[in-house]
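Inside the fold
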Amino acid sequence: MATILALETSCDETAVAIVRDREILSSVVSSQIDIHQRYGGIVPEVASRQHVLTLGSELEAALDQAGIAWEAIDGVAATSAPGLVGALMVGLTAGKTLAMVHQKPFLGMHHLEGHIYANYLAQPDLHPPYLCLLVSGGHTSLIGVQDCGQYQTLGQTRDDAAGEAFDKVARLLGLGYPGGPVIDRLAKAGDANAFPLPEGNISLPEGGFHPYDSSFSGLKTAMLRLVEKLQAEGVDPLPVADLAASFQATVARSLTKRAIACALDHGYTTLAIGGGVAANSALRQYLQGVAKIHNLRVIFPPLSLCTDNAAMIACAAADHFNRGHRSGYGLGAQSRLDLTRVMELYGE
Ligand code: KG4
Ligand code: ZN
């Protein structure tokens with residue numbers, strides 16, 4: 001058993017959590033959304049400055065909530081890749097410093113591995129192998145999970161991430177940032193069949209389509225053309241709920257089709273979902289329905305563990321810690337790092 005204190009500052013959430021293997025002892029998340037909303041998107045330097053302001057009080061709150069002292073903590077972890085470098089550096093430097101001062105082992109963590117591990121917090125009996133659909137603001141991929149630190153990319157987006165598509169379409173519809181939650185809410189009152197939209201198939205040179213890769217930039221452009229056409233026809237106000245519902249259903253269908261095909265082709269019986277877009281109600285409903293037909297077990301973490309948090313990072317760190325993985329103090333922040341290279345964080 002490992003009790004890990006983890007810091008997560010890769011983007012616009014400042015988070016601290018204490019986890020014992022797969023049990024959350026405390027989890028504190030402070031979102032900066034209100035601050036970035038003014039700019040219509042994340043301003044990296046503002047995010048870093050805000051992490052500096054918030055991290056100290058969150059650390060105190062996490063220790064307080066867990067009701068444990070430093071003696072009971074086995075290791076300190078901090079997200080070191082991928083993400084906004086300035087933002088990552090705040091948590092990474094704080095994490096290393098805490099580890100040094102309290103003489104604990106330090107582990108640098110991969111943010112996307114954290115999103116995968118949110119599923120273990122939701123279902124502590126989950127064990128590899130299984131397929132994970134990772135759908136966040138910056139990433140969309142199908143990952144074959146073989147073991148802790150052992151990942152295979154089986155499918156991915158060729159352009160925009162699913163969350164990015166939600167954010168860009170929301171901006172186009174004048175709905176503000178972040179786009180996912182507001183589109184999800186408005187879509188409930190809309191007709192998902194109102195507008196036919198392209199699912200973003202990737203053509204193969206030998207003919208046919210790639211079974212698992214996707215594209216969302218074509219869908220985004222189709223939304224732009226559709227809005228322009230409606231405006232040219234004098235449609236005012238725009239049917240925002242129908243547009244949101246049609247767009248959301250297309251993304252849900254596209255992701256579901258690829259995830260199910262990939263699971264069946266590779267013989268996976270469990271499909272886990274991770275990342276902010278895993279909070280999407282249409283995706284949850286549609287994927288669960290299709291998975292049931294094929295007898296696949298589907299795991300969706302609770303909404304609070306889909307979006308960025310430090311509990312998922314601590315959970316991943318506990319698994320690495322138990323296997324003796326440690327990071328050096330020379331570890332730097334990296335804006336990009338493929339999930340298949342996660343063991344490089346532990347000098348392997
Ligand atoms: O995983 P996350 O919190 O941060 C990254 O690692 O990127 O994901 C943030 C993304 C944003 O693009 C946001 O619009 C999207 O997740 N998101 C959603 C929903 N909630 C958050 N997208 C669709 N439906 C939602 N309910
Ligand atoms: Zn994330």
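Everything that follows concerns the structure shown earlier in this document.
The sections below set out a description of the structure shown in this document. Since we're looking at a predicted model, the values are computed, not measured.

Quick notes on the coordination of the zinc ion (ligand 2)
Coordination of the zinc ion (ligand 2) by the protein is provided by His111 (NE2), His115 (NE2) and Asp308 (OD), with metal-donor distances spanning 2.0 to 2.1 Å. Along the chain, the residues donating to the zinc ion (ligand 2) are arranged with the sequence spacing H-x3-H-x192-D. Taken together, the residues span about one helical turn, with histidine 111 and histidine 115 both in helix α4 (residues 111–122) at a distance of 4 residues.

Side note on the sheet that holds strand β6 (residues 130–135)
By way of backbone hydrogen bonds, the strands of a sheet pair with one another, either parallel or antiparallel. The strand order across the open sheet formed by 5 strands is β8-β7-β6-β9-β10, and the pairing between neighbours is mixed. Two strands close off the open sheet at either side, each with one partner strand: β8 (150–156) and β10 (297–299). If you compare each strand with its neighbour and ignore which way they point, the axes differ by 25° on average. Here strand β7 (residues 140–147) runs beside β8; their pairing, made up of 6 bridges, is antiparallel. Note on β8: the bridge partner recorded for glycine 144 is glutamine 152. Running at roughly 120° to β6, α4 makes contact with β6, β7, β8, β9 (270–274) and β10 of the sheet.

So, the nonpolar core
A general tendency of soluble globular proteins is for nonpolar side chains to be buried together. Residues Leu5 and Ile116 are the most contacted members of the largest nonpolar core, which totals 65 residues. The element contributing the most residues to this core is helix α11 (residues 311–322), with 9 residues. Mapping this core onto the domain boundaries places at least three of its residues in each of domain 1 (3–118 + 307–345) and domain 2 (129–305). Counting residues in hydrophobic clusters, the runner-up holds 48 residues, among them Leu173, Phe216, Leu243 and Ala245.

As for the packing of helix α6 (residues 179–187) against helix α8 (residues 240–266)
Helices that pack against each other are described as a pair by the angle of their axes relative to one another and the distance between those axes. For the pair α6 and α8, the least separation of the axes is 8 Å and the interaxial angle reads 110°. Comparing their axes, α8 and α6 come out roughly perpendicular. The handedness of the crossing between α6 and α8 is left-handed. When α6 is examined against α8, the residues Ile183, Asp184, Leu186 and Ala187 are found in contact with a partner set consisting of Val240, Ala241, Ala244, Ala245, Phe247 and Gln248. When its residues are assigned to classes, the contact of α6 with α8 shows 8 nonpolar, 1 polar and 1 charged.

Some remarks on the site of ligand 1
By nearness alone, 20 residues border ligand 1, and Gly137, Asp167, Asp184, Gly276 and Asn280 come closest of all. Glycine 137 is positioned with one of its backbone polar atoms (N or O) 2.8 Å from an oxygen atom of ligand 1. Within the side chain of asparagine 280, a nitrogen or oxygen atom sits 3.0 Å from a nitrogen atom of ligand 1. Considered on its own, ligand 1 offers 560 Å² of accessible surface; in the complex 88% of this is hidden by protein. In terms of residue count, the dominant contributor to the shell around ligand 1 is α6 (4 residues). Taken together, the residues of the shell around ligand 1 break down into 5 nonpolar, 12 polar and 3 charged. Residues from two domains meet in the shell around ligand 1; each of domain 1 (3–118 + 307–345) and domain 2 (129–305) gives at least three.

What counts as what
- Residues numbered from 1 in each chain as written.
- Chains lettered and ligands numbered in written order.
- Predicted model: local features only at pLDDT ≥ 70, side-chain atom pairs only at ≥ 80, totals over all residues.
- Heavy atoms only, no water.
- Donors = N, O, S within 2.8 Å, 3.2 Å for Na, K, Ca; no water.
- Helix = DSSP H or I, 4+ residues; strand = E, 2+ residues; numbered from the N terminus.
- Pairing = 2+ DSSP bridges.
- Axes fitted to C-alpha atoms, helices over the stretch in contact; angles between N-to-C directions.
- Contact = heavy atoms within 4.5 Å.
- Core = buried A, V, L, I, M, F, W, Y, C linked by side-chain atoms within 4.5 Å.
- Buried < 20%, exposed > 50% of the residue type's maximum accessible area, 1.4 Å probe, protein only.
- Domains from an automatic or database assignment.
- Parallel < 35°, antiparallel > 145°, perpendicular 65-115°, else oblique.
- Left-handed = near helix turned anticlockwise from the far one by under 90°.
- Nonpolar A, V, L, I, M, F, W, Y, C, P; charged D, E, K, R; others polar.
- Near = heavy atom within 4 Å.
- Polar contact = N/O pair within 3.5 Å; in protein donor to acceptor, adjacent residues only side chain to side chain.
- Areas by Shrake-Rupley, 256 points an atom, 1.4 Å probe, with all protein chains shown as cover.

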